[in-house]
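What follows is the residue order along each chain.
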Amino acid sequence: MSSYQAIPRTGSLVVYKSRPARVLAAAEKIEIEIEGGQTKRVRPKDILALHPGPIASLAQIRPPEVHPQEAWELLEGSETDLKELAELLYGEHSPGAAWGAWEWLAEGLWFEGTPEALRPRALELIERDRAERETKARAEQAWAALLARLRAGRIEPEDREPLQEVERLATLQGEHSRILKALGFDETPVSAYRLLVAVGYWSPTHNPYPTRVGAPTTNPELPIPPLDAAAEIPGEPARLDLTHLPAFAIDDEGNQDPDDAISIDGERVWIHVADVAALVTPDSELDREARARGANLYLPEGTLHMLPVAITEQLGLGLQERSPALSFGLRLDAEGEIAAIEIQPSLVRVQRLSYAEADRRLADPPLAELAERAERYRQRRLAQGAAEIDLPEVSVRVRAGEVLIRPVERSGARAMVTELMLMAGEAAARYCQQHALPIPFATQATPERIEQPTSMAGMVAYRRLFKPSRTVVGEPGRHFGLGLDAYARATSPLRRYADLLVHQQLRAHLRGSEPLSVAQVSQRAGEADQGGLLVRRAERQSNLHWKLVYLARRPQWTGEGVVVELQERKATVLIPELALETRVRAKQPLALDQRVPLALVEVDLAQAECQFRIPG
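All values reported here derive from a predicted model rather than from experimental measurement.

**A closer look at the overall build of the chain**
The number of helices and strands found in the chain is 16 helices and 25 strands. Since a compact globule built from 616 residues should have a radius of gyration of about 25 Å, the 38 Å found for the chain marks it as more spread out than a globular shape. Projecting the C-alpha coordinates of the chain onto the three principal axes gives extents of approximately 115 × 70 × 45 Å. In the chain, the proportion of contacts linking residues at least 24 apart, taken out of those at least 6 apart, comes to 65%.

Here you go:
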């Protein structure tokens, strides 16, 4: 039996779990002492004998510092055992020398094998492993330094790359983070968000939600065909010149994508819509890009377009002296029913107005006549059961780092434009139905009960009864909320793919070419719906994020809320100035629609939560 396999005697040096140990007693089980004075009873196979000793203390086995190269050179090409290696390294075979030789063998760089049969390793293997170990050591040092900086709440420029794994978790693009785990944090998006903000990787107001939901984060950059190329398409109808009619594109102050305008010519109301389908044809690269995005993404910090910005500059109504449009000419009867529909590619001369400017001119022609038609149409919709939910809305914008929250006023001009756009949507649906053109019709099922609430609490409760609107290709269905038996979104082709799809079908019909089939329209509308779903989710979550930023910067905020729902000891309160619903604890009984004072308690951006209390 080899000396390295024999049962060791009392006082000998052995290896236990890669550490030195001293044998205290040898029997069926062996009692050993390990560093620190602790004793253990182990099996013979659990240890490896190194030196017969005797040693009185493990402190005796610390060998001096040596370099193994000379011993390696002397043994090159041969095989030996641990005793000879100890003598070559230290000039003796003492317990300390035996332990030192064992450490060089176990380290595995210069020597390999077993204590009974070891040999020097090839030079190329030594150089390769040494380089790998040095690289690993540098990586471990860099890792330790990174963690130290993160614990101190700071980062260096070179830390941004490793922190991308935390960012992936924070934006729901990954599930795990080695960094968070090493720092003792939960591997959750909330923990990732907090760390990235704490160390300055993200700004304190960073909006993660577009990336989290998978919405686009850049504008598309694609080549745009010239507008006059549409005139070369066989059967392309000539544009109707309507530049003699005053036309108005009315929108919010600062709007950059005007895609609809209105005018009137005697009894005929004209709704002009940017002629996007003249440039964006089915299955073109532009069409596929817009379809994948579904709609423009309107964030408080800016707009991400579904089409290249240059298309808006070329086709936005009122951005050029004369604008190409697809114009819907409509006549209403005395009851507000659409009595005649004409759809024509056109040229229009458009003046841009803000809602505030339009309100000042609403009593004067031609806006007064348009407002009268709009009100006539609205009364017809209400008579057909349209739901009017008038809950507070706000516009949230970020300008130069400042969060601006402004109420969306239900002005006369805004209401007028809304009705005229609905009128065009109904006209497009009826026209396509009459000519058997497959388009995505918008429908909404009737709720379990029909009401006309007038209080804020009543409107919130009624809105919760509404079914989501659905897209149907083929025969139109009723849209309960609008009070219309046929409706299609058709007035925002620069902003929504569904509208562009309707325009593509109308243009194919007008030039006498084959429109897309029901199956083709269904497939395209389905793809766009998926993209649009992500866009709406990103918009909703981003608006809430920036409302919370607004509040976080105002820790002493106080305001007023309206009770819209009651639960045991809690109430849901709507804050009109923020268009924000929140739940508060109530120490005293509350009533629906009661106005209550509110004070901000806490804002947690990472959790997307805020808390309020009722003072007193």
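**Re the packing of aromatic side chains**
On inspection of all chains with the given rule, the structure shows 5 aromatic pairs. Between tyrosine 462 and phenylalanine 466 the ring centres are 5.0 Å apart and the planes differ by 75°, which places this aromatic pair in the edge-to-face class. Their ring planes at 70° and their centres at 5.4 Å tell us that tryptophan 557 and phenylalanine 612 sit as a pair that is edge-to-face. Separated by 55 residues along the polypeptide, tryptophan 557 in the loop between helix H16 (518-552) and strand S21 (558-567) and phenylalanine 612 in strand S25 (residues 609-613) bring together distant segments of the chain. Joined through ring pairs, the aromatic side chains of Tyr462, Phe466 and Phe480 make up one cluster.

**What about the pattern of salt bridges?**
Opposite charge on two side chains allows them to pair when their charged atoms are near. Enumeration according to the criterion identifies 45 salt bridges in this entry. Aspartate 275 is the partner of arginine 239 in a salt bridge, and the nearest nitrogen-oxygen pair spans 2.8 Å. Of the two residues, arginine 239 is situated in the loop between helix H8 (209-213) and strand S8 (240-241) and aspartate 275 in the loop between strand S11 (268-274) and helix H9 (285-293); the sequence distance between them amounts to 36 residues. What makes aspartate 275 buried here is its relative accessible area of 0%. What emerges from the salt-bridge pattern is a single network uniting Glu79, Glu112, Arg119, Arg121, Arg128 and Asp129.

**A short note on the layout of surface pockets**
Within this model, the second largest pocket holds a volume of roughly 490 Å³. Along the wall of the second largest pocket there are 21 residues; nearest its centre are Thr582, Arg583, Cys610, Gln611 and Phe612. When contributions to the lining of the second largest pocket are tallied by element, the ones reaching two or more residues are H16, strand S23 (580-585) and S25. Among the elements that line the lining of the second largest pocket, the one with the most residues is S23, at 6 residues. Taken together, the residues of the lining of the second largest pocket sort by class into 10 nonpolar, 4 polar and 7 charged.

**Regarding the environment of leucine 123**
Position of leucine 123 relative to the elements: it lies in helix H4 (residues 123-151). You can call leucine 123 partly exposed: its relative accessible area is 42%. Residues leucine 123 and glutamate 84 lie 39 residues apart in sequence; the distance between their C-alpha atoms is 21 Å.

**Structural notes on the sheet that holds strand S5 (residues 47-51)**
The 5 strands lie next to each other as S4-S3-S2-S1-S5, forming an open sheet whose pairing is antiparallel. Only two strands of the sheet have a single neighbouring strand rather than two, namely strand S4 (39-42) and S5. Between one strand axis and the next, the sheet turns by 40° as a mean value, whatever way the strands run. Relative to S4, strand S3 (residues 30-34) is paired through 4 bridges, and the arrangement is antiparallel. By the bridge assignment, glutamate 33 is partnered in S4 with threonine 39. Against the sheet, helix H3 (residues 95-107) makes contact with strand S1 (13-16), strand S2 (19-26) and S5, and its axis sits at roughly 130° relative to S5, the strand it touches most.

**Topic: the sheet that holds S23**
Strands sit in the order S23-S22-S21-S24-S25 across an open sheet of 5 strands; the sheet is antiparallel. Because the sheet does not close on itself, it has two edges, and the strands there are S23 and S25. Taking each pair of neighbouring strands and ignoring which way they run, the sheet shows an average axis angle of 50°. As defined by bridge partners, S21 adjoins strand S24 (residues 595-604) across 5 bridges and the pair is classed as antiparallel. What sits directly across from glycine 559, in S24, is leucine 598. Where helix H14 (residues 456-463) meets the sheet, it contacts S21, strand S22 (570-575) and S23, and its direction lies at approximately 55° from that of S21.

**Thoughts on the side chain of aspartate 159**
Tracing the backbone through its elements, the reader meets aspartate 159 in the loop between H4 and helix H5 (164-170). With residues up to four places along the chain from it excluded, the contact list for aspartate 159 reads Leu146 and Arg149.

**Observations regarding the packing of helix H15 (residues 497-511) against H16**
One can describe the packing of H15 onto H16 by two numbers: an axis separation of 9 Å at closest approach and a directional angle of 160°. Here H15 is positioned roughly antiparallel relative to H16, judged by the angle of their axes. In this structure, the crossing between H15 and H16 has a hand that is right-handed. On H16, the residues touching Tyr497, Leu501 and Gln505 of H15 are Val521, Arg524, Ala525 and Ala528. Of the residues in the contact of H15 with H16, the class split is 5 nonpolar, 1 polar and 1 charged.

**Description of H3**
Between its terminal C-alpha atoms H3 stretches 18 Å, which fits the 18 Å expected from 13 residues at 1.5 Å a residue. Of the positions making up H3, those classed as buried are Pro95, Gly96, Ala97, Ala98, Trp99, Gly100, Ala101, Trp102, Trp104 and Leu105. The inward-facing, buried residues of H3 abut S1, S2, S5, helix H2 (82-90), strand S6 (111-113) and strand S7 (118-120). One or two positions beyond H3, positive phi appears at glycine 108, with a value near 80°.

About the cut-offs
- Residues numbered from 1 in each chain as written.
- Predicted model: local features only at pLDDT ≥ 70, side-chain atom pairs only at ≥ 80, totals over all residues.
- Heavy atoms only, no water.
- Helix = DSSP H or I, 4+ residues; strand = E, 2+ residues; numbered from the N terminus.
- Rg over C-alpha atoms; globule rule 2.2 N^0.38 Å.
- Contact = heavy atoms within 4.5 Å.
- Phe/Tyr/Trp six-rings, centres within 6.5 Å; stacked < 30°, edge-to-face > 60°.
- Salt bridge = Lys/Arg side-chain N within 4 Å of Asp/Glu carboxyl O.
- Buried < 20%, exposed > 50% of the residue type's maximum accessible area, 1.4 Å probe, protein only.
- 1 Å grid on protein atoms, 1.4 Å probe; cavity = no way out; pocket = protein on both sides within 12 Å on 5 of 7 lines; lining within 4 Å.
- Points joined across faces, edges and corners; volume = space filled by probe spheres on them.
- Nonpolar A, V, L, I, M, F, W, Y, C, P; charged D, E, K, R; others polar.
- Pairing = 2+ DSSP bridges.
- Axes fitted to C-alpha atoms, helices over the stretch in contact; angles between N-to-C directions.
- Parallel < 35°, antiparallel > 145°, perpendicular 65-115°, else oblique.
- Left-handed = near helix turned anticlockwise from the far one by under 90°.
- Expected span 1.5 Å × (residues − 1).

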